[in-house]
Each structure stands twice: as structure tokens, then as C-alpha cells.
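Commentary on secondary and tertiary structure
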Amino acid sequence: MKAYHAASPPEVREAGISDAQAALYAIDDAASGAEREAQAHAALAICPLCADAYSVLAAEAETLTRARDLFAQGVAAAELALGPENMARYRGRFWFYLDSRPYLRARFGLAMRLVVLGDDASAILHFHAMLDLNPGDNQGARYPLLAALLRQDDNDGVAALLQAIGEEGSLAWVYTRALMAFRRRGGDHPEVEALGRAALAANPHVPALLASGLPVSRPHLHSEMGGPEDAADFVLDYGDAWRSTRGAVLWIAQLAGLELPPAAGKRSKPRR
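Residues numbered from 1 in each chain as written. Predicted model: local features only at pLDDT ≥ 70, side-chain atom pairs only at ≥ 80, totals over all residues. Heavy atoms only, no water.

1. Quick notes on the overall build of the protein chain
Rule in force here: Counting from the N terminus, the helices are the DSSP runs of H or I reaching at least four residues and the strands are the DSSP runs of E reaching at least two. Categorising residues by exposure relies on relative accessible area from a 1.4 Å probe, with only protein chains included: less than 20% of the type maximum marks a residue as buried, more than 50% marks it as exposed, and the intermediate range marks it as partly exposed. Any two residues having at least one pair of non-hydrogen atoms within 4.5 Å are treated as being in contact. What sets the accessible areas is the Shrake-Rupley method with a 1.4 Å probe; for residues, cover comes only from the shown protein chains. Neither His nor the chain ends is counted toward charge; the positive residues are Lys and Arg and the negative residues Asp and Glu. Charged groups are reduced to one reference atom each: NZ for lysine, CZ for arginine, CG for aspartic acid, CD for glutamic acid.
The helix and strand tally for the protein chain stands at 14 helices and zero strands. Along the protein chain, helices (α) and strands (β) appear in the sequence α-α-α-α-α-α-α-α-α-α-α-α-α-α when read from the amino end. Counting all 272 residues of the protein chain, 46% fall into the buried class. Considering only contacts in the protein chain between residues 6 or more positions apart, those separated by 24 or more positions represent 57%. Just so you have it, the protein chain exposes about 14100 Å², and 54% of that area is on carbon and sulfur atoms. Where the 27 positive side-chain charges of the protein chain centre and where its 33 negative ones centre are 7 Å apart.

As C-alpha cells, then:
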């Protein structure tokens, strides 16, 4: 990539990336994995700075570590293609420039593979960087970032993210606001209760899933907002933070009017 970049004038690089992207666009939606890989390699033969080609290969990779490394190559390719001037000039409105989107796609893919590999600390750095470049967050990086911060038990980081994003009606946001308030003040405070009731209004199915202690599977169908599938998605991504906060599950369940035995609250692990 670096040799190609050094040897090619800007107009040649720009034309090469455009031709390589055109080769990727020719991939049929019904193409097999092998066909997608072949087309991605063909695109890279045209121009090794085609970041989306590395993302296609990463999506077809047999292992998570290989996918991580390919996405990282895509990030490096996109940085070379954009150059430091455009990286600085686009900051704050990255998604609005079409030539910057391959970079954001590759970096998001890299961060998500790091999450699955258990490297939340590295993923958090990537998600924060993406929000700095693109505060509008068209890709929804704030949601896996929030989950990673909660897994890291980073209360300050969670509070800063909630404040930076502001008011949002998503399930992740309203329930996390209630949880963080509970951690700070306990469930008897009127403002904490108000936040808990706001969370229940967004989805009343969450407390029962949290309190059940039963395994939750990812819904295969589209999750209707406020429905049980939506609640299952939330519990899978954010439920551990509730269960690791002593008394939080019992509090939200009682606020929802669920009748639970006293021992139910003891299922939550102590706060770290």
C-alpha cells in the first residue's frame, strides 16, 4: 500500500480507487463467499488502497483474528487514500464525504471484531475516535461503545457518553440512565424512580427478562420497538450491567409491579 501510494500521483490513485470500487459494486447480492473474495482480490489488484475490498475479505474471513487484521488493513488503506489533510478537514462531518465512508466502515468492523475477541479497551478507543470524526454517528457506534464501557465498569466513561449524546429515547439510553442513577443514589430517590418509570414506559418487558435469570437468545426477526424481542436484544447487550449492580434487578422488577421472592434480588452479583 505504501509503495503504491509513494509511486502514484494523486490523480492516478484517485482513478485507481474509483475503478476498484466499481469492481466491488459489480458483486451480486447472491454471490457466494468465494465469489465475493475473488472480486475483492480483483479490486485490490486494481488499487491496493481500496479499503472496502479489505472489508469484504474480512466479512468472509474464517477466523475472528483474520477478520480483525483485514479490517485493520482496510483502515490503513483508507488513511493513505484520504491523506492527513482530508482526515483533518473532514473531522466532525466525516460521513458527509463519500470518500471517507470506506474508512468508517473498516474502522467500525475492526472495533466490532475487537469486542467479540474480548478486547473492549482497544474497541473503546476506536469507537471514541469514530464519534470524534463523525459526531452524528450514522453507524450507531455509540451503542457498542456504551455496552463496552458498562462491561469495563467505567462509570465515568458511561456518564460522559450519556451527557455527550444527550437525550435519546432508545432502550439502551433510557435504561442505562436509570441504572446509573440507581448506582449513584439508590432506588428510593424520586428522580431515580422517575427515570425507572421512564425506562418501563419505553419497554415493560425488560424487568421480567432480567429477573428470570434464564438464557436469552437473539431474535431472528425484526425487533418491534417496545416489544419482547426488543427487550431480549437489550438484555443480551446490556443485561450484565444490571445483574452486576447489587439490588438493581430487584428494584426495577418491583417498580414494574412484578411479584418476586426476596431471594430474587440476590441473584445480582455485587458491584465491582
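The discussion continues.
2. A look at the pattern of salt bridges
Heads up, the condition is: We define a salt bridge as a contact between a side-chain nitrogen of Lys or Arg and a carboxyl oxygen of Asp or Glu at a distance within 4 Å.
Inspection of the entire model under this criterion finds 11 salt bridges. When the shortest N-O distance is used, the salt bridge between Arg36 and Glu60 registers 3.2 Å. Placement of the pair is Arg36 in helix H3 (residues 33-46) and Glu60 in the loop between helix H4 (51-59) and helix H5 (64-90), with a sequence separation of 24 residues. Asp153 is the partner of Arg183 in a salt bridge, and the nearest nitrogen-oxygen pair spans 3.6 Å. Separated by 30 residues along the polypeptide, Arg183 in helix H10 (residues 171-185) and Asp153 in the loop between helix H8 (142-151) and helix H9 (155-165) bring together distant segments of the chain. Each member of the pair Arg183 and Asp153 is classed as buried.

3. A word on H9
Note the cut-off: This arc describes the spread of directions from the helix axis toward the C-beta atoms.
Looking at H9, one finds that the buried residues are Gly157, Val158, Leu161 and Leu162. One side of H9 holds all its buried residues, which, seen down the axis, span an arc of 135 degrees. Among the exposed residues of H9, those pointing more than 90 degrees away from its buried face are Asp156, Gln163 and Ala164. Packing partners of the buried residues in H9 comprise helix H7 (120-133), H8 and H10. Positive phi shows up at Gly166, right after H9, with a value of about 85 degrees.

4. Concerning the packing of aromatic side chains
Filter applied, for reference: Pairing of aromatic side chains requires ring centres within 6.5 Å, counting the rings of Phe and Tyr and the six-membered ring of Trp. Pairs whose planes differ by under 30 degrees are stacked, by over 60 edge-to-face, and all others tilted.
Evaluation of the coordinates by the stated rule reveals 10 aromatic pairs. A ring pair is formed by Phe234 and Tyr238, whose centres lie 5.3 Å apart and whose planes are at 25 degrees; its orientation type is stacked. You can see Phe234 and its partner Tyr238 sitting in helix H13 (residues 228-243), four residues apart, about one turn around the helix. Residue class for Tyr238 comes out buried when judged on its relative accessible area of 7%. Here a set of aromatic residues connected by ring pairs shows up, and it is made of Tyr175, Phe182, Phe234, Tyr238, Trp242 and Trp251.

5. With respect to the side chain of Glu168
Formally: Identification of polar contacts relies on pairs of N or O atoms within 3.5 Å, with a donor-acceptor requirement for protein atoms, meaning one able to donate a hydrogen and the other able to accept it, and with residues adjacent in sequence counted only if both atoms are side-chain atoms.
In this fold, Glu168 is placed in the loop between H9 and H10. For Glu168, the side chain forms a polar contact with the side chain of Arg142, separated by 2.9 Å. If we skip the residues at most four places from it in the chain, Glu168 touches Arg142, Tyr143, Trp173 and Val174.

6. Regarding the packing of helix H11 (residues 190-202) against helix H14 (residues 248-255)
For any two helices packed against each other, the geometry comes down to the angle between their axes and how far apart the axes lie. To keep it simple, the criterion reads: Axes here mean lines fitted to C-alpha atoms, for a helix over just the part in contact, with angles spanning 0 to 180 degrees between N-to-C directions. If an angle is under 35 degrees, it is roughly parallel; if it is over 145, roughly antiparallel; if it lies from 65 to 115, roughly perpendicular; otherwise it is oblique. Crossing handedness is read from the near helix: turned anticlockwise from the far helix by less than a right angle, it gives a left-handed crossing, and turned clockwise, a right-handed one. Residue classes follow a fixed rule: Ala, Val, Leu, Ile, Met, Phe, Trp, Tyr, Cys and Pro count as nonpolar, while Asp, Glu, Lys and Arg count as charged, and any other residue, Gly among them, counts as polar.
Relative orientation of the contacting elements H11 and H14 amounts to 70 degrees, with a least axis distance of 10 Å. The angle between H11 and H14 falls in the class roughly perpendicular. Seen along the crossing, H11 lies across H14 with a hand that is right-handed. Contacts between H11 and H14 pair Val192, Glu193, Gly196, Arg197 and Leu200 from the former with Trp251, Ile252 and Leu255 from the latter. When grouped by side-chain class, the residues that make up the contact of H11 with H14 number five nonpolar, one polar and two charged.

Spatial relationships are all this shows, so hold off on functional conclusions.
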